[in-house]
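Single-letter residue listing:
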Amino acid sequence: MAMYLIGDVQGCDAALAQLTQRIDFSPSRDTLYLLGDLVNRGPDSAGVLRRLMGYGASARCLLGNHDLHLLAVAHGVRKPGRHDTLDDLLAAPDRPALLDWLRQQRMAMLERVGDSDLLMVHAGVLPAWTATKTIALAAEVEAVLRSDAVGAFFHAMYGNAPDAWSDNLAGIERLRVIVNALTRMRFCTPEGAMEFATSGPADQAPEGYLPWYEAPGRQTAEVTVAFGHWSTLGWLDRPDVLALDTGCVWGGCLSALRVEPGAAGAPWRTELLQVHCEQSQKPGD
């Protein structure tokens, strides 16, 4: 039995099929953990969702910003963007089942692997959040997504403010900060104020900001955080962070990281497996 962490698929079902063959994935034996942005920009978002639904409990998926965008479009809250590739999914005869399945997916996951904790999010974790707090806050958003209030939530979800966490936040402002951190954040100040305009490499942080995982005193520094979202960062392998968005939709790779417990007290054993992807969008689009 093996667990595989997979970066942003973004509607590239052919690449996902190739990757599952590359890793010799068996739903009866293995578990996939997909780090969000399952859909959009690639050519076959419906195919991706159908494939993952078919794997049942062997595919555990996070929601990314593109997945939330799809749900907002489906609820009539947003219009598709000019680079979106969601029309086939939105017109699919099984659209209700696909979208209902998507609404049931997670905003964050925490797994014990051997002697260590592995926290999985799509984008990032604010410095003040511990791993257990991240899961609890993610659950607040998950509950709304699965409720009858989901339409109203999408109407109020968008926006960059507040840009920082406070335990005193309530209502939609509280939910918006959680969503923005978990699905949009790349850079923040040392105090945890988020910045959303910059999507370049980690060494191009705006003045006064730094990559979220470099924030001093980050409360998740003692666990490993795996994330996607940041294709210009690419593959990053550190004891405290694993970045797995390797730009499949831009003609890069789709990556799977096999993670296995080490011997007692020893680090995990990992293996990076990749397939090259056909370019679906040009970088910068």
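Predicted model only: the values in this text are computed from it and were never measured. (Residues numbered from 1 in each chain as written. Predicted model: local features only at pLDDT ≥ 70, side-chain atom pairs only at ≥ 80, totals over all residues. Heavy atoms only, no water.)

**Quick word on the pattern of salt bridges**
Line of reasoning, step 1. Taken as a whole, this structure holds 14 salt bridges when the rule is applied.
Line of reasoning, step 2. Notably, a salt bridge pairs aspartate 117 with arginine 112, separated by 3.0 Å at the nearest N-O pair.
Line of reasoning, step 3. Classification of aspartate 117 by relative accessible area gives partly exposed; the value is 26%.
Line of reasoning, step 4. Of the charged contacts in the structure, one is a salt bridge between arginine 238 and aspartate 240, with a shortest N-O distance of 2.9 Å.
Line of reasoning, step 5. Judged by its relative accessible area of 23%, arginine 238 falls in the partly exposed class.
Line of reasoning, step 6. Three or more residues are tied together by salt bridges with common partners; here these are Glu214, Arg218, Arg238 and Asp240. (Salt bridge = Lys/Arg side-chain N within 4 Å of Asp/Glu carboxyl O. Buried < 20%, exposed > 50% of the residue type's maximum accessible area, 1.4 Å probe, protein only.)

**Details of the state of the cysteines**
Line of reasoning, step 1. Going through the model one piece at a time under the given rule, you end up with 1 disulfide.
Line of reasoning, step 2. Across a sulfur-sulfur distance of 2.4 Å, cysteine 248 and cysteine 277 are joined as a disulfide pair. For the disulfide bridge between cysteine 248 and cysteine 277, the dihedral angle about the S-S bond is near -105 degrees, and by the sign convention the bridge is left-handed. Of the two residues, cysteine 248 sits in the loop between strand 11 (241–243) and strand 12 (253–260) while cysteine 277 sits in the segment after strand 13 (269–276), which places them 29 residues apart along the sequence. Comparing cysteine 248 with cysteine 277, the two get one shared label, buried.
Line of reasoning, step 3. In this structure cysteine 253 is a free cysteine whose sulfur lies 6.3 Å from that of cysteine 277, the closest cysteine sulfur available.
Line of reasoning, step 4. Residue classification places cysteine 253 among the buried positions, given a relative accessible area of 13%. (Disulfide = S-S within 2.5 Å. Helix = DSSP H or I, 4+ residues; strand = E, 2+ residues; numbered from the N terminus.)

**As for the pairing of strand 1 (residues 3–6)**
Line of reasoning, step 1. Side-chain alternation along strand 1 places Met3 and Leu5 on one buried face and Tyr4 and Ile6 on a second face that is also buried.
Line of reasoning, step 2. Note that strand 1 and strand 2 (residues 31–34) share 4 bridges and pair parallel. In the strand pairing of strand 2, leucine 5 is matched with tyrosine 33.
Line of reasoning, step 3. Pairing analysis gives 4 bridges linking strand 1 to strand 12, with the strands arranged antiparallel. Its bridge partner being in strand 12, leucine 5 is matched across the sheet by leucine 257. (Pairing = 2+ DSSP bridges.)

**A few points about unusual backbone geometry**
Line of reasoning, step 1. Note that the residue after alanine 161, namely proline 162, is joined by a cis bond; omega there is -5 degrees.
Line of reasoning, step 2. Topologically, proline 162 is positioned in the loop between helix 7 (150–157) and helix 8 (171–183).
Line of reasoning, step 3. Despite not being glycine, asparagine 40 shows a phi value in the positive range, around 85 degrees.
Line of reasoning, step 4. Here asparagine 40 lies in the loop between strand 2 and helix 2 (45–54).
Line of reasoning, step 5. Given the relative accessible area of 0%, asparagine 40 is considered buried.

**Description of helix 5 (residues 95–103)**
Line of reasoning, step 1. Listed as buried for helix 5 are Leu98, Leu99, Trp101, Leu102 and Arg103.
Line of reasoning, step 2. Taken together, the buried residues of helix 5 touch helix 2, strand 3 (59–61), helix 3 (65–74), helix 4 (87–90), helix 6 (131–145) and helix 7. (Contact = heavy atoms within 4.5 Å.)

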